[in-house]
Amino acid sequence: MNKKCLLLALFCITFCFGKETLLLDFGKNFHSVPKERIEKLISSVGQDQFYIVSDDPQFTDGDIVLSFGNTHYAQQIITQHELDTLGSEGFVVRSQQIDNKLVIAVRGNHNTEKNVCASGDTNIGLLYGAYSLLQQMGFAFLHPLEPTLPTKLTIPQTIDSQEKPYWPIRAWHLHTQHPLELTDMLNGWGPQGPQDRQGWEQTLPEWDVFLEWMIANKQNRVEWVLLMAKTWQQFADSRERQERLHTLVDMGHNWGIAVGIDAPIILRQQHSWLMVRQLDGTEIQQIHKAIDWLHEAGFDYFEIEMGFSEFTHPSPQKMLSWMDAASTYAENTYQKRTYVKVHCSQHQKAEGYKDPETGEELNFNFLPYYADKSMGVLPHSVQFYSLTDPAPTYGGKDFSEIRRYMQMEAGKREVVWYPETAYWVSFDINVPIFLPIYSDRRFFDLRLIAQDEIQGKMGRGAHAGSRIQGQVNFSSGWEWGYWLNDVVTARAVWNPMIEETDHKTALRKLLNDIFSTLGDGSTPVTETIMELIQQQEDLLIFGKVNGKSPKSIEKRNGTAYIQGYDTWMDMSNLTNAVVVCPSKKGLIDMRNPIDEPPYDAEVKPVLRAMDEKFNAVADEFSMISGSVATSGRKIFDELNDAIRITALRAKQVHNLYETVDEIMDNSWNGTLGKAPQRLAEARRCLDKAQVIVRRQETRYRVDLNRIAGWRYNPTAYNYGYLWTAHSLVYWWRDEGKVVDQPASPGYLNFIDPINVANGEGEWVIDDEIPIIGGLNITQLRKELIKAFGNDSFLKELLTRPKEEPQYPQNDLRTRPEWCQDW
């Protein structure tokens, strides 16, 4: 059929049946991959509303025209001067009536900032504008692996918006040392392992969907941790793996996104792919060879880590020489940048190096201050705490030193802020508990950093008044509503809303926009989430009850109790080693009458408040259900169950502590008080949580076994990142501590500590580590287990189960007899 006949046919159909024609008009500067994706999205929703014609140069008629890029219409509506004024990555979306039709034009700018994207013809600003328009039309890009589609297209009749980024670097770090949604694929594995190329290729569409999410939320870099292990070492260093990695990089470039890789120099923990494999005097050559390999895989930039682990290190002189070798070689040979993570852990000193401001011996993590200027730095915080909050974690009290370090380095070298939106381990998403306080604190930090820049606090001396380059966010899982933390954090680094002086008002505006897909439910959902965030700030961070703060937050904050506690958290507390999460008064400690702090006066109030307030807000949230739009139903239901299970966790913990307290309070008269009722209520909470978990698992966006199964994978953990949520092991462990009072910290251990700390194979402590240098830890474990026996607590403590554990453990629910009637 020729064009005239097609036009006539469309005119007749439109006249008879009332359908308008929607023309999708793409310029030659619009990359084919996102173009095809946009066509698919619009057609999937709008085919019953419109006759959709795409990219036909001879078809210039249409009731509505969406014109993207260097098209006739877009260039007529948006001038080049406007784009030039906006600068790198800026875009304009504007509507105009032309020849009796509505034309919506989108134009944008390439990324021209140095070291952001090493290659590609993709106009990323144009893509930002296109996806901004899609969101105006009703699409939402909230969960990174599943866009939310409207029931019908909404065509904005009047639109005139222009945007540009606040900071140039807006990066995403997928922490693939954890067994996440994309960990296998990003390390070259298919579902059946590293040899499963076909299976790996079949997972690649998920990568495209994630990259689309990056664009919709205006990010421009992505990176992940490269892994290796003894059983698949040949593949880890193979040409085949390089080719698979290069495919992932090329896919990122299709969307205009730079792709980097985190490859530690000598940090061995959690199956890291190391640059230095042997300490034999050839370390510099090994570093150069590793960078050559990573360059051949196509990566645009490199990230490294310091130390043998987060808590041990070689001499600062060696570490500094290795860092300089990496950054200068990458810069001089390939014109690619290298960045190093600056961790928040405490109690490590760089002997021989002074802090330039205090004159004291330098924190080892701040050693990059003395590195070559080609090295960029990533000052890192952990968990949800802000730069100004008390943060009783990693041996510190807060992150004020990280903020100071950031200020010292600004202007001297590239500085990219490096916070988190999920910690994993036993802290948040895998308990599971829903913590939108992450969203609030990430937004707060970016607004704080922006104010530090405005007030001239960034930079020292000749660099005073400098700015940092942006943010890379540590992301560790998306289910149970954790996509919300990522969306807020991504949008905040594009626009921290500094014109809005009140932080809570700014957050409310941001959340209202995010939840617009919920229809009439958007405002009440925003308000209830805001209420929950305030409760979590008061109770989880400050331990504040009825407006009153405790004399110390140590063991008196809600986080310490609602988080999960595993064997190695218990071990850290017992040995007074570095505790990576807030310490608590344990359920076993409750039976010690002189243990501090006193329960009734200083712990019970925060447990009771969490129980009451979190359950009240869960009830409030569930009442919104009837006003939620159809398109937002899955999003709402996911949040509803996430909020409810958090409330159940608070109630379970409260009742478990009350059980022990009742037993102890009544031990003098030989009665149990209300202990049976309290334990029964705690058990009902766990049982209800199991129902919620099974329901929530039907909403997961990838295969259940991948993220919640007990299975071998590229990481040091023999399970998916949500296996602990699937099994509710932290809940069962707490109940078991009340009922069975286990003496061993190895109780229900499911982690292989040697594999996590050093990887598969033999672990011989590096000679540079004082006192224990040269010790073969793997052999020591074997000898200890042999000496004490397979049934000893050491076997449970030092090894993980070969088979998936089942719960309740050891017929737990048959004990104690005094609870059976409740």
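Because the structure is predicted, anything quoted here is derived from the model rather than measured. (Residues numbered from 1 in each chain as written. Predicted model: local features only at pLDDT ≥ 70, side-chain atom pairs only at ≥ 80, totals over all residues. Heavy atoms only, no water.)

If you look at soluble globular proteins, the nonpolar side chains tend to sit buried side by side. Counting residues in each nonpolar core, the largest one holds 238 residues, and the members touching the most others are Trp207 and Phe210. Take this core: its biggest share by element is 13 residues, from helix 20 (residues 633–665). The residues contacting Trp207, other than those within four sequence positions of it, are Leu174, Leu182, Met185, Leu186, Val222, Trp224, Leu248, Met251 and Gly252. Leu23, Ile77, Ile98 and Ala105 belong to the second-largest nonpolar core, a separate cluster that totals 13 residues. (Core = buried A, V, L, I, M, F, W, Y, C linked by side-chain atoms within 4.5 Å. Buried < 20%, exposed > 50% of the residue type's maximum accessible area, 1.4 Å probe, protein only. Helix = DSSP H or I, 4+ residues; strand = E, 2+ residues; numbered from the N terminus. Contact = heavy atoms within 4.5 Å.)

Summed over all chains, the structure comprises four cavities of 30 Å³ or more. In this structure, the largest cavity spans a volume of roughly 100 Å³. If you trace the largest cavity, you find it lined by Leu267, Glu305, Met306, Gly307, Ser309, Glu310, Lys341, His343, Gln348, Phe364 and Asn365. A class-by-class count of the residues in the lining of the largest cavity yields three nonpolar, five polar and three charged. (1 Å grid on protein atoms, 1.4 Å probe; cavity = no way out; pocket = protein on both sides within 12 Å on 5 of 7 lines; lining within 4 Å. Points joined across faces, edges and corners; volume = space filled by probe spheres on them. Nonpolar A, V, L, I, M, F, W, Y, C, P; charged D, E, K, R; others polar.)

In this section: the side chain of Asp292. Relative to the helices and strands, Asp292 is located in helix 10 (residues 283–296). As a buried residue without a salt bridge, Asp292 has its nearest oppositely charged side chain in Lys289, at a separation of 8.7 Å. Setting aside its immediate chain neighbours within four residues, Asp292 contacts Tyr329 and Tyr334. (Lys, Arg positive; Asp, Glu negative; His and termini not counted. Salt bridge = Lys/Arg side-chain N within 4 Å of Asp/Glu carboxyl O.)

The strands making up a sheet associate through hydrogen bonds between their backbones, and the pairing can be parallel or antiparallel. Strand order in the open sheet formed by six strands is 2-1-3-5-4-8, and the pairing between neighbours is mixed. Single-partner strands in this sheet number two, and they are strand 2 (50–54) and strand 8 (160–163). Within this sheet the neighbouring strands show an average axis-to-axis angle of 15°, counted without direction. Looking at chain direction, strand 4 (residues 91–98) and strand 8 are connected through four bridges and run antiparallel. Residue Val92 lies in a different strand from strand 8, and its bridge partner there is Gln162. Running over the sheet, helix 2 (residues 32–46) touches strand 1 (20–26), strand 2 and strand 3 (64–68) and is turned about 170° from strand 1. (Pairing = 2+ DSSP bridges. Axes fitted to C-alpha atoms, helices over the stretch in contact; angles between N-to-C directions.)

This part is about the packing of aromatic side chains. Tallied over the full model, the rule gives 42 aromatic pairs. Note on Tyr166 and Trp167: the rings are 4.6 Å apart at their centroids and 80° apart in plane angle, and the pair reads as edge-to-face. A residue is classified by how much of its surface remains accessible, and Trp167, at 1% relative accessible area, is buried. Between Tyr719 and Phe750 the ring centres are 5.7 Å apart and the planes differ by 70°, which places this aromatic pair in the edge-to-face class. Placement of the pair is Tyr719 in the loop between helix 22 (704–708) and helix 23 (723–727) and Phe750 in the loop between helix 24 (729–740) and helix 25 (753–758), with a sequence separation of 31 residues. Classification of Phe750 as buried rests on a relative accessible area of 3%. Taken together through their ring pairs, the aromatic side chains of Phe384, Tyr385, Tyr394, Tyr423, Phe427, Phe434, Tyr438 and Tyr482 make up a single cluster. Seen from the ring of Tyr565, Lys584 lies directly overhead, with NZ or CZ sitting 4.4 Å from the centre. (Phe/Tyr/Trp six-rings, centres within 6.5 Å; stacked < 30°, edge-to-face > 60°. Lys NZ or Arg CZ within 6 Å of the ring centre and 35° of its normal.)

The strand order across the open sheet built from eight strands is 16-13-12-11-10-9-18-17, with neighbouring strands paired in parallel fashion. Each edge of the open sheet carries a strand with a single partner, namely strand 16 (375–379) and strand 17 (416–417). Inspection of the sheet shows strand 9 (residues 169–174) paired to strand 10 (residues 221–225) by four bridges, in the parallel sense. Note on strand 10: the bridge partner recorded for Ala171 is Arg221.

Moving on to the packing of helix 10 against helix 11 (residues 316–334). Look at helix 10 against helix 11: their axes get within 9 Å of each other, and the N-to-C directions meet at 40°. Compared by their axis directions, helix 10 and helix 11 come out oblique. Helix 11 is crossed by helix 10, and the crossing has right-handed handedness. Packed against helix 10, whose contacting residues are Glu283, Ile284, Ile287, His288, Ile291, Asp292 and His295, the element helix 11 presents Ser321, Trp322, Ala325, Ala326, Tyr329, Ala330 and Tyr334 at the interface. Taken together, the residues of the contact of helix 10 with helix 11 break down into nine nonpolar, three polar and two charged. (Parallel < 35°, antiparallel > 145°, perpendicular 65-115°, else oblique. Left-handed = near helix turned anticlockwise from the far one by under 90°.)

Next up on the list: the side chain of Asp486. Along the polypeptide, Asp486 turns up in helix 14 (residues 483–494). Arg442 is the oppositely charged side chain nearest to the buried, salt-bridge-free Asp486, at an N-O distance of 9.3 Å. If sequence neighbours within four positions are ignored, Asp486 has contacts with Trp172, Trp213, Thr421, Asn473, Ser475 and Trp478.

Turning our eyes to something else, we now look at the environment of Val209. Along the chain, the position of Val209 falls in helix 7 (residues 197–216). On a C-alpha basis, the gap between Val209 and Leu435 in space is 25 Å, while along the polypeptide they are 226 residues apart. For Val209, the contacting residues outside a window of four places in its chain are Pro144, Leu145, Glu146 and Pro147.

What follows deals with the confidence of the model for the protein. Per-chain confidence: the protein averages 94 in pLDDT, with 96% of residues scoring 70 or above. In this model, residues 3–17 is a region of pLDDT below 50 whose contacts with residues beyond four sequence positions or in other chains number 15 contacts. (pLDDT = per-residue confidence, 0-100.)

A few words on the pattern of salt bridges. A complete count under the given rule lists 57 salt bridges for this structure. Two residues, Arg277 and Asp237, come together in a salt bridge whose shortest N-O distance is 3.1 Å. Residue Arg277 is located in the loop between strand 11 (258–262) and helix 10, and its partner Asp237 is located in the loop between helix 8 (233–236) and helix 9 (239–254); the two are separated by 40 residues in the primary sequence.

Moving on, we get to unusual backbone geometry. Val431 connects to Pro432 through a cis peptide bond whose omega is 0°. With respect to the helices and strands, Pro432 occurs in the loop between strand 17 and helix 13 (437–454). Geometrically, the link from Tyr807 to Pro808 is a cis peptide bond, its omega value of 5° lying close to zero. With respect to the helices and strands, the residue Pro808 is situated in the segment after helix 27 (793–798).

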